[in-house]
Amino acid sequence: MTGRDDLAGRHLVITGAAGALGNAVARLALDAGATCHLPLRGAAPPADAAWRDHPKAQVTGGIDLADEAALAGYFRELPELWGLFACAGGFAMAPLAKTSLADFRGQLDRNLVSAFLCIREAAAKMPSGGRIVAVAARPALEPRQGKGMTAYTASKAALAALVEAAAEELAPAGIWVNGVAPSIIDTAANRQAMPKADHSNWPTPAEIARTMLFLASPGNAVTRGAIVPVYGRT
């Protein structure tokens, strides 16, 4: 069971839809018949967005996901929700000696604060239950892999803890909260950064998105509080 058909007619929020993974999630959710609310930091959708002209893609530009007041106002105007895909985030690689406090706080804002605010606001719009899926990372589960990217690793590890705690708190309301932890995702940017790697081992955005769609579907009757590894063959 993929859960795709179960999303028809439901309202979902997808953050980070301008990125490779969020774009793939939005495309699959729209294909499944969902109405997707897409808050973007930029004013307009990227030209190559798969959902750019889709009639069920409700795009709002100029949204800072770490701005509490702005985000609360955005969610306040939405209809009752079934799901949230918290795909937005940021990556920074730097040794500790070259990581400023501003850099560290920036990673917390982009990866942890944004997810916290979105989960809090989305849950308030799910009076009949729903599903929330956030995106952690492999170093969140295996922190020793975070050498050279400590700020990123710490922010994603905190996000994983947030998912597990929120899952327990929201379960009585019928809201299942889960996360996925990708390894290196097969994107054009990652291929360019690591041209000698075996790219065939990396999970693609579409492959990860299919796992996320199942976790967000009514067909997922029992899985909550999980951080699901989506490592491919890496």
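Just above, that's the structure.
Now for a quick tour of the structure.

Reading guide: rules and limits
- Residues numbered from 1 in each chain as written.
- Predicted model: local features only at pLDDT ≥ 70, side-chain atom pairs only at ≥ 80, totals over all residues.
- Heavy atoms only, no water.
- Helix = DSSP H or I, 4+ residues; strand = E, 2+ residues; numbered from the N terminus.
- Expected span 1.5 Å × (residues − 1).
- Buried < 20%, exposed > 50% of the residue type's maximum accessible area, 1.4 Å probe, protein only.
- Contact = heavy atoms within 4.5 Å.
- Salt bridge = Lys/Arg side-chain N within 4 Å of Asp/Glu carboxyl O.
- 1 Å grid on protein atoms, 1.4 Å probe; cavity = no way out; pocket = protein on both sides within 12 Å on 5 of 7 lines; lining within 4 Å.
- Points joined across faces, edges and corners; volume = space filled by probe spheres on them.
- Nonpolar A, V, L, I, M, F, W, Y, C, P; charged D, E, K, R; others polar.
- Phe/Tyr/Trp six-rings, centres within 6.5 Å; stacked < 30°, edge-to-face > 60°.
- Lys NZ or Arg CZ within 6 Å of the ring centre and 35° of its normal.

1. A few points about helix α1 (residues 20-31)
Taking 1.5 Å per residue, twelve residues should reach 16 Å; α1 reaches 17 Å between its end C-alpha atoms and fits that length. With nine of twelve residues buried, α1 is to be regarded as a mostly interior element. Turning to α1, its buried residues number three or more, namely Leu21, Gly22, Asn23, Ala24, Val25, Ala26, Leu28, Ala29 and Leu30. Lining the buried residues of α1 we find β1 (11-15), β2 (35-39), β3 (57-60), β4 (83-86), β5 (130-135) and α7 (205-215). Backbone geometry just downstream of α1 places glycine 33 in the positive-phi region, at approximately 95°.

2. Quick notes on the pattern of salt bridges
This structure, assessed with the given rule, holds six salt bridges. A salt bridge links glutamate 68 to arginine 120; the shortest N-O distance between them is 3.0 Å. Within this pair, whereas glutamate 68 is found in helix α2 (residues 68-76), its partner arginine 120 is found in helix α3 (residues 101-124), the two being separated by 52 residues in sequence. Judged by relative accessible area, glutamate 68 falls into the partly exposed class, the value being 46%. The class for arginine 120 is partly exposed, based on a relative accessible area of 34%. Between glutamate 121 and arginine 120 there is a salt bridge, with the nearest N and O atoms lying 2.9 Å from each other. On the basis of relative accessibility, which here comes to 16%, the residue glutamate 121 falls in the buried class. In the salt-bridge network here, residues are joined through shared partners; they are Glu68, Arg120 and Glu121.

3. Notes on empty space enclosed by the protein
What the rule picks out here adds up to one cavity of 30 Å³ or more. In this structure, the largest cavity encloses a volume near 50 Å³. No other element matches the four residues that α3 contributes to the lining of the largest cavity. Residues of the lining of the largest cavity, tallied by class, amount to eight nonpolar, three polar and no charged.

4. Brief notes about the side chain of histidine 37
As for its placement among the helices and strands, histidine 37 is situated in strand β2. Residue contacts for histidine 37: discarding those within four places in its chain leaves His11, Leu12, Val13, Ile14, Gln58, Tyr74, Leu78, Pro79 and Leu81.

5. Digging into the layout of surface pockets
Size it by volume and the largest pocket reaches roughly 1,300 Å³. If you trace the largest pocket, you find 46 residues lining it, with Cys87, Gly89, Gly90, Phe91 and Tyr152 closest to the centre. Looking at the lining of the largest pocket, the elements that each hand over two or more residues are α1, α3, α4 (138-141), α5 (150-170) and α6 (188-193). Sorting elements by how many residues they give to the lining of the largest pocket places α6 first, with four residues. Here the residues of the lining of the largest pocket sort into 28 nonpolar, twelve polar and six charged.

6. Focus: the packing of aromatic side chains
Think of a pair of aromatic rings as described by two things: how far the centres are apart, and how the planes are tilted against each other in angle. Applying the stated rule across the entire model yields two aromatic pairs. Between tyrosine 74 and phenylalanine 75 the ring centres are 5.5 Å apart and the planes differ by 85°, which places this aromatic pair in the edge-to-face class. Owing to a relative accessible area of 8%, tyrosine 74 belongs among the buried residues under this scheme. Among the residues examined, phenylalanine 75 registers a relative accessible area of 1% and is labelled buried. Both rings, one in phenylalanine 91 and one in tyrosine 152, keep their centres 4.8 Å apart while their planes meet at 75°; by these two values the pair is edge-to-face. Of the two residues, phenylalanine 91 sits in the loop between β4 and α3 while tyrosine 152 sits in helix α5, which places them 61 residues apart along the sequence. According to the relative accessible area criterion, tyrosine 152 is buried, its value standing at 12%. Over the ring of tryptophan 82 we find arginine 10, and its NZ or CZ is 4.4 Å from the ring centre. Lying over the aromatic face of tyrosine 231, arginine 138 brings its terminal NZ or CZ to 3.9 Å of the ring centre.

The quantities given are spatial measurements derived from coordinates; they are silent on function.
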